[in-house]
Amino acid sequence: MSNLLRNVESIFEIAIAPAAEYDNAALVVDRAGGMRVLNLAEWSLPGIVCEFGASEVYLIERRSGRLKVEGWSAAESCVVSGTRASDVS
């Protein structure tokens, strides 16, 4: 299993929790190795990569009760999505 996929799964587990604060956010590992949290509504993936020299980007999107976490690096990408058990009727 790749490091990127492990990170996406970890972020998903945190973001799916009822107390999670991040909806529609981007977690960015910038060119200096620092971590930034951005409002996803204000950025596109190419814009993030260009502006911050991102080596990894994790996009967190919540729509209609579904959560999607997408991980991106120059070499690979992956997506994990689902709903909380309490959101399923």
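Scroll up for the structure.
Residues numbered from 1 in each chain as written. Predicted model: local features only at pLDDT ≥ 70, side-chain atom pairs only at ≥ 80, totals over all residues. Heavy atoms only, no water.

1. Here we look at the environment of Phe-12
Argument step 1. Positionally, Phe-12 belongs in helix H1 (residues 3-15).
Argument step 2. Look at Phe-12 and you get buried, because its relative accessible area is 9%.
Argument step 3. Sequence separation between Phe-12 and Ala-54 is 42 residues; the distance between their C-alpha atoms is 20 Å.
Argument step 4. For Phe-12, the contacting residues outside a window of four places in its chain are Leu-67, Val-69, Val-80, Ser-81 and Gly-82. (Helix = DSSP H or I, 4+ residues; strand = E, 2+ residues; numbered from the N terminus. Buried < 20%, exposed > 50% of the residue type's maximum accessible area, 1.4 Å probe, protein only. Contact = heavy atoms within 4.5 Å.)

2. Digging into the pairing of strand E1 (residues 25-29)
Argument step 1. Among the five residues that make up E1, five are buried, leaving the element largely enclosed by the rest of the structure.
Argument step 2. By the alternation rule, side chains of E1 split into Ala-25, Leu-27 and Val-29 and Ala-26 and Val-28, which are all buried.
Argument step 3. Relative to strand E2 (residues 35-39), E1 is paired through five bridges, and the arrangement is antiparallel. Residue Val-29 lies in a different strand from E2, and its bridge partner there is Met-35.
Argument step 4. In sequence, E1 turns back onto E2 through a hairpin of five residues, with Gly-33 there showing a positive phi of about 90 degrees.
Argument step 5. Across five bridges, the pairing between E1 and strand E3 (residues 56-63) is antiparallel. Paired with Val-28 across the two strands is Val-57, which belongs to E3. (Pairing = 2+ DSSP bridges.)

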